[in-house]
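Residue-level structure breakdown
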Amino acid sequence: SHPQHLRGPVVGREQLLGSESHPPPSLCMRSLLLLVALLSVSRASAFFVPTVGATTTSLRKSCSASAVCTTMSSPPTLFDMPVSNNGARCRLIIYKKGLSTTEDIQIKSPADLGGLKSPEYFAVNPQGLMPCLVTEEGPIPESDTIARYLLDRFESKSPSFRPSTLAGRTKSEIITRLHDIYIAGNQQCMYKLVPPFGKFPMRHQQMDELRKQILVVDTHVDPKGPYIAGEEVSLADATLFPTLIFAQYMLPKFEPEGSKWDQKAVFGANLSRWFEWVRANDDSFSKVYTEITSALKAWDEGGRWDTILGAGNRDTDPATIFDKIIGKEIPSDIVFEDEHCLVFKDVSPQAPTHLLVIPKKRLGLTRLRHATEDHKGILGHMMATVAAVVKEQKLDSYRLVVNDGEAAGQTVFHLHMHILSGRPLTWPPG
């Protein structure tokens, strides 16, 4: 059958054969009406069938390449791994609804198709990401779409993940949306090896944003609970819980030396209360917690964070006089300051204009030779700062110097650039 809007005018039995209030039309008129009806259906079919055919052809190509196409008699297949927090929202729905992982839905690793970057998996999800659900209708990417598909397909099985009140449903949608845009979009800083980190060039910038957005979500959590939107479990619970497992496991790795992880301060009172309650009192949430933490421990054992700046790779060198200048513990003649850099006059000038440009966070940059991929953002920012300062100071020509090591003249081991101007500067220097 065709959708109603594609069928054309509906010609009923009364219209063709007449009714008690209208005498039957002539045989010629009957034939004409029947012809009009058939032509309308024919035109609808001509429009509709090619669309279905194109979709079918596309799916056949995808299924042929991946060899995972399901049929009406086989369950959908969720390609996912325990370490995926986004995929975990789908697994949580599966567990909470009590779906059979043999009859209702199958869960397989992308490795079964050769891995996320294999041609076979790209045929299923061109983004090369997980999770991805393969159904008889074709592949479905993106965890939120998959989660809503599961809730629709298995609507008859409780719970619905849809609160019974408008306030609860609204709260659930707000939290889910905030998570997907502002939290999941900023989670890379906790585990990605090198920049960029979303729109941020520096890891600590994205981490500050992540922490801020977690506290924003805390303001939307139902204070009475026990679930995040009130008395009933919702899609927001399934969405946020796995990501907070990530945060609880990873963020303490970036705490400053000597600091103690304070979950209530990072998550907020309401979010922290909810997180601990569902972990302890809901078996499905507890199962997902175990899955994810076990996978993250395997990452740990493999040295995942050993080289990440701020986690395994920490700045352990002693503080310098520059730290006191940054902290305003000792005075300095500052000519420029922003969130990342400080520019001040050298107390022992070697030219009429002699300025020092330093990063506020040293991040292991005692010397330029210690720069890594993680430092590209701050190094670029320092160079842009130099350009802005020399323009503001109206310096027509200047020399920019970086001394790296004692033999090169470095006396303070906190990366800094010298801006020299106001006198002839010969070459070679020395």
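Details of the structure are given in the entry above.
Reference entry: report on the structure contained in this document. (Residues numbered from 1 in each chain as written. Predicted model: local features only at pLDDT ≥ 70, side-chain atom pairs only at ≥ 80, totals over all residues. Heavy atoms only, no water.)

Concerning the overall build of the protein
Selection criterion: Secondary structure elements follow DSSP: runs of H or I no shorter than four residues count as helices, runs of E no shorter than two count as strands, and numbering proceeds from the N terminus. With a 1.4 Å probe rolled over the protein chains alone, any residue whose accessible area is under 20% of its type maximum counts as buried; one over 50% counts as exposed, and the rest are partly exposed. In this description, contact between two residues means that some pair of their heavy atoms is separated by no more than 4.5 Å. Residue exposure ignores everything except the shown protein chains as possible cover, and the areas themselves are Shrake-Rupley values with a 1.4 Å probe.
Along its length, the protein carries 13 helices and 9 strands. By the burial criterion, 43% of the 430 residues in the protein qualify as buried. Counting only contacts in the protein whose residues sit at least 6 apart along the sequence, the fraction spanning at least 24 positions is 65%. Surface summary for the protein: the accessible area is close to 22,700 Å², and the carbon and sulfur share equals 56%.

Observations regarding the sheet that holds strand β1 (residues 77-79)
Short version of the rule: DSSP calls a pair of strands paired once it identifies at least 2 bridges connecting them. Orientation is described by axes fitted as lines to C-alpha atoms, over the contacting stretch for helices, and by angles from 0 to 180 degrees between their N-to-C directions.
Judged by pairing direction, the sheet is mixed, and its 4 strands sit side by side in the order β2-β1-β3-β4 without closing on themselves. Looking at the sheet topology across the chains shown, the edges are occupied by β2 (106-108) and β4 (138-141). Strand-to-strand twist in this sheet, taken as the mean axis angle between neighbours without regard to direction, amounts to 25°.

Let's talk about the side chain of Q206
Note the threshold: Identification of polar contacts relies on pairs of N or O atoms within 3.5 Å, with a donor-acceptor requirement for protein atoms, meaning one able to donate a hydrogen and the other able to accept it, and with residues adjacent in sequence counted only if both atoms are side-chain atoms.
Summarising the element assignment, Q206 is placed in helix α7 (residues 203-218). One polar contact links the side chain of Q206 to the main-chain carbonyl oxygen of F197, over a distance of 3.1 Å. When residues no more than four places from it in sequence are discounted, the contact partners of Q206 are G185, N186, Q188, C189, F197, G198 and F200.

Details of the sheet that holds strand β8 (residues 399-401)
Pairing in this open sheet of 5 strands is antiparallel, and the strands run β5-β6-β7-β9-β8 from one edge to the other. Each having just a single partner strand, β5 (334-337) and β8 make up the two edges of the open sheet. For this sheet, the mean angle separating the axes of adjacent strands, direction not counted, is 20°. Two elements, strand β6 (residues 341-345) and strand β7 (residues 353-359), share 5 bridges in a ladder whose sense is antiparallel. Among the inter-strand pairings, C341 is bridged to a residue of β7, identified as P359.

Focus: the pattern of salt bridges
For clarity, the threshold we go by: Just to be clear on terms, a salt bridge is a Lys or Arg side-chain nitrogen sitting within 4 Å of an Asp or Glu carboxyl oxygen.
Applying the stated criterion to the full structure yields 22 salt bridges. Between D300 and K253 there is a salt bridge, with the nearest N and O atoms lying 2.8 Å from each other. One end of the pair, D300, is in helix α11 (residues 283-301); the other, K253, is in the loop between α8 (235-250) and α9 (263-267), and 47 residues separate them in sequence. A single network of salt bridges, built from pairs that share partners, joins R89, D144, R148, E173 and D180.

Notes on α8
In plain terms, the rule: A helix's residues, less one, multiplied by 1.5 Å, set its expected span.
Over its 16 residues, α8 runs 24 Å from end to end, which matches the ideal 22 Å to within 8%, given 1.5 Å per residue. For α8, the tally of buried residues reaches 16 of 16 residues, placing the bulk of the element in the interior.

Notes on the environment of L296
Note on placement: L296 falls in helix α11. Judged by its relative accessible area of 0%, L296 falls in the buried class. Here L296 is in contact with V83, F246, Y249, M250 and W305, once residues within four sequence places are set aside.

Describing unusual backbone geometry
Of note, the amide linkage connecting M130 to P131 takes the cis form, showing an omega dihedral of 5°. Tracing the backbone through its elements, the reader meets P131 in the loop between α4 (119-124) and β3 (132-135). If you check the backbone angles, K328 has positive phi at about 60° while not being a glycine. Its location among the elements puts K328 in the loop between α12 (321-326) and β5. You will see that K394, though not glycine, has its phi angle at about 60°, which is positive. Classification of K394 as exposed rests on a relative accessible area of 69%.

Describing the packing of aromatic side chains
Our working rule: Stacked, tilted and edge-to-face are the three classes applied to pairs of Phe, Tyr and Trp rings, where Trp contributes its six-membered ring and a pair requires centres within 6.5 Å; stacked means planes under 30 degrees apart, edge-to-face means over 60, and tilted covers the rest.
Summed over all chains, the structure comprises 15 aromatic pairs. Between Y191 and W299, the aromatic rings sit 6.1 Å apart at their centres with planes inclined by 55°, giving tilted as the arrangement. Of the two residues, Y191 is situated in the loop between α6 (166-183) and α7 and W299 in helix α11; the sequence distance between them amounts to 108 residues. Residue W299 is classed as partly exposed on the basis of its relative accessible area, which comes to 24%.

Looking at helix α3 (residues 85-96)
Between its first and last C-alpha atoms α3 spans 16 Å; for 12 residues at 1.5 Å apiece the expected length is 16 Å, and the two agree. The buried fraction of α3 amounts to 10 of the 12 residues, a majority that puts the element mostly inside the structure. All of the buried residues along α3 are N85, G87, A88, R89, C90, R91, L92, I93, I94 and Y95. On its buried face, α3 is in contact with β1, β2, α5 (143-153), α6, α8 and α11. Positive backbone phi, approximately 70°, marks G98, located one or two places after α3.

Looking at a nonpolar patch on the surface
Our working definition: Patch building starts from residues that exceed 30% relative accessible area and form no salt bridge, then joins like charges within 9 Å and nonpolar side chains (Val, Leu, Ile, Met, Phe, Trp, Tyr) within 5 Å.
A cluster of nonpolar residues, M383, Y398 and L400, forms a patch on the protein surface that exposes about 260 Å² of accessible area. Relative to the assigned elements, M383 resides in helix α13 (residues 376-392).

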